[in-house]
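# Structure assessment
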Amino acid sequence: MRTILRIISVLMLILGILLLGITAMDIGVILQAGGPQVLTGALIGLTVALVALNGVFEVIGGILGLRAAKRPGGSTATVVFGVLALASGVFSLVTDFSTPNLCACILPALYLICAIGIRASRH
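Residues numbered from 1 in each chain as written. Predicted model: local features only at pLDDT ≥ 70, side-chain atom pairs only at ≥ 80, totals over all residues. Heavy atoms only, no water.

For the rest of this paragraph, the subject is the overall build of the protein chain. For the protein chain, the count of helices and strands is 4 helices and 0 strands. Secondary structure elements of the protein chain, listed N to C terminal, follow the sequence α-α-α-α. If one aligns the C-alpha atoms of the protein chain with their principal axes, the spans along those axes are about 60 × 30 × 20 Å. Out of the 123 residues in the protein chain, the part that is buried amounts to 33%. When contacts within the protein chain are restricted to residue pairs at least 6 apart in sequence, those whose partners lie at least 24 apart make up 74%. As displayed, the protein chain offers around 7300 Å² of accessible surface, 76% of which is attributable to carbon and sulfur atoms. (Helix = DSSP H or I, 4+ residues; strand = E, 2+ residues; numbered from the N terminus. Buried < 20%, exposed > 50% of the residue type's maximum accessible area, 1.4 Å probe, protein only. Contact = heavy atoms within 4.5 Å. Areas by Shrake-Rupley, 256 points an atom, 1.4 Å probe, with all protein chains shown as cover.)

Okay, structure coming up:
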């Protein structure tokens, strides 16, 4: 379980960093487009809310997963985060059933399963 959690955590870290980079590029593109200030501000806010927050959550999840894989005593936060990440993915899937949303549930589900396994093994 620890090895799988490490792999998933590294994947989440990479994904989170990529999402944060994409957010920066999106903001740059929106600013270069130079539309009306109200529209530009709204698009930047939407980009930050949807993409950057997801990137931050992925990075936090990766860090928590790596910490729990190394030291199972701190796995409670990892399980809580796994539940929140999976709930978010399931909500997206229920509101818009699509292949990308279905795939977005797989990584959090594996993360949660490994986190619960590590938490159970520490007792």
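Okay, the side chain of Thr23 next. Looking at the element boundaries, Thr23 is found in helix α1 (residues 2-33). Classification of Thr23 as buried rests on a relative accessible area of 5%. If sequence neighbours within four positions are ignored, Thr23 has contacts with Thr47, Val48, Val51 and Ala52.

The end-to-end C-alpha distance of α1 is 46 Å, a good match for the 46 Å that 32 residues give at a rise of 1.5 Å each. Those residues of α1 not exposed but buried are Leu5, Ile8, Ser9, Met12, Leu13, Gly16, Leu19, Thr23 and Ile30. Among the structural elements, α2 (37-70), α3 (75-95) and α4 (99-121) are those in contact with the buried residues of α1. Gly34 sits one or two residues past α1 and shows a positive phi near 60°. (Expected span 1.5 Å × (residues − 1).)

Note that all results are geometric; they support no functional claim without further evidence.
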